[in-house]
Amino acid sequence: MEPVRRKALVDAALRVIGDHGSLAVTMSDIARQAGVSPALAHHYFGSKEQLLIETIRSLLRQLRSDTVAALKAARTPRARLSAVIRVSFHADQFAPETIAAWLAFYAEAQRSEETRRLLVIYARRLRSNLLADLKVLLPADAAERIAEGAAAMIDGLYIRQSLKSAPIGIEASIALTEDYLNALLATASPSPRSERGRPHRTTQGQMT
């Protein structure tokens, strides 16, 4: 039962944080949502802080798993770029409680070194996934610039989704990011590597 209960507590933490819009929740709040006692929650995670870190890790593992699967299904560098964009706006990631939790974790990163480290891993992984295929299509300097811009656009659109007064849907966010990428790809000089191609990549770097 331990893996089941640990997952139930992580899922409950995500929902409670999302409902509150901050990390100002208690272990009792999370345990109540999971249907277990606070003592059992402390038994499995030791402290609320450890449970919150595991919640971030769970989000990152799911995002990495979805990205790897999407990249395996894509057959060209351009298709893999689209796969990364679509996974970033996946319905699960766009759930209101998930968005609220991500924003709460970003605020916590100003105080928690471990939270900051995990969010830096996410940012580096997104950039790396974009850059790997952009370098096949473009010279290195152009690829670097466009990867930074696309990653910033993905994060910015994700944050704007939290503004209930002016929500941006999944498909609209994907289309805006694709338009940005297409416009810059059309004006940049192709990389010599794009003429030769390269072996299909099936795995990405590890996510902790």
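The structure we're discussing is the one just above.
Because the structure is predicted, anything quoted here is derived from the model rather than measured.

This brings us to the overall build of the chain. Counting its regular elements, the chain contains 10 helices and 0 strands. Mapped from its N terminus to its C terminus, the chain presents α and β elements in the order α-α-α-α-α-α-α-α-α-α. Here the chain, with 208 residues, has 44% of them falling under the buried criterion. The contacts of the chain with a sequence gap of at least 6 include a subset with a gap of at least 24, amounting to 70%. Approximately 10600 Å² of the chain is accessible, and the part contributed by carbon and sulfur atoms is 56%.

Glancing now at the packing of helix H8 (residues 140-160) against helix H9 (residues 170-187). Running from amino to carboxyl end, H8 crosses H9 at an angle of 165°, the nearest separation of the two axes being 10 Å. Our classification of the angle between H8 and H9 gives roughly antiparallel. Here H8 and H9 pass one another in a crossing that is right-handed. Across from Arg145, Ile146, Gly149, Ala150, Met153, Ile154 and Leu157 in H8, the residues of H9 making contact are Ser173, Leu176, Thr177, Tyr180, Leu181 and Leu184.

Let's shift gears to the pattern of salt bridges. All chains considered together, the criterion is met by 12 salt bridges. Of the charged contacts, one joins Glu54 and Arg61 as a salt bridge, the two residues approaching to 2.6 Å between their closest N and O atoms. The class for Glu54 is buried, based on a relative accessible area of 19%. Judged by its relative accessible area of 40%, Arg61 falls in the partly exposed class.

Right, let's talk about helix H2 (residues 27-34) for a bit. The complete set of buried residues in H2 reads Met27, Ile30, Ala31 and Ala34. Within H2, the buried residues cover an arc of 100° as seen down the axis, which keeps them to one side. The inward-facing, buried residues of H2 contact helix H1 (2-20), helix H3 (38-45) and helix H4 (48-73).

Right, let's get into the side chain of Thr177. Its location among the elements puts Thr177 in helix H9. Only 2.9 Å separates the side chain of Thr177 from the backbone oxygen of Ser173, close enough to count as a polar contact. Non-local contacts of Thr177, meaning those with residues more than four positions away in its chain, are made with Ile85, Phe89, Met153, Ile154 and Leu157.

Looking now at the packing of aromatic side chains. Taken as a whole and judged by the stated rule, the model has 3 aromatic pairs. Both rings, one in Phe89 and one in Phe94, keep their centres 5.6 Å apart while their planes meet at 85°; by these two values the pair is edge-to-face. On the basis of relative accessibility, which here comes to 1%, the residue Phe89 falls in the buried class. With centroids separated by 5.6 Å and ring planes inclined at 70°, the aromatic side chains of Phe94 and Tyr158 adopt a geometry described as edge-to-face. Of this pair, Phe94 sits in the loop between helix H5 (77-88) and helix H6 (96-108) while Tyr158 sits in helix H8, placing them 64 residues apart in sequence. Taken together through their ring pairs, the aromatic side chains of Phe89, Phe94 and Tyr158 make up a single cluster. Its end group placed over the ring of Phe45, Arg6 keeps NZ or CZ at 4.4 Å from the ring centre.

Calculation notes
Residues numbered from 1 in each chain as written. Predicted model: local features only at pLDDT ≥ 70, side-chain atom pairs only at ≥ 80, totals over all residues. Heavy atoms only, no water. Helix = DSSP H or I, 4+ residues; strand = E, 2+ residues; numbered from the N terminus. Buried < 20%, exposed > 50% of the residue type's maximum accessible area, 1.4 Å probe, protein only. Contact = heavy atoms within 4.5 Å. Areas by Shrake-Rupley, 256 points an atom, 1.4 Å probe, with all protein chains shown as cover. Axes fitted to C-alpha atoms, helices over the stretch in contact; angles between N-to-C directions. Parallel < 35°, antiparallel > 145°, perpendicular 65-115°, else oblique. Left-handed = near helix turned anticlockwise from the far one by under 90°. Salt bridge = Lys/Arg side-chain N within 4 Å of Asp/Glu carboxyl O. Arc of directions from axis to C-beta. Polar contact = N/O pair within 3.5 Å; in protein donor to acceptor, adjacent residues only side chain to side chain. Phe/Tyr/Trp six-rings, centres within 6.5 Å; stacked < 30°, edge-to-face > 60°. Lys NZ or Arg CZ within 6 Å of the ring centre and 35° of its normal.

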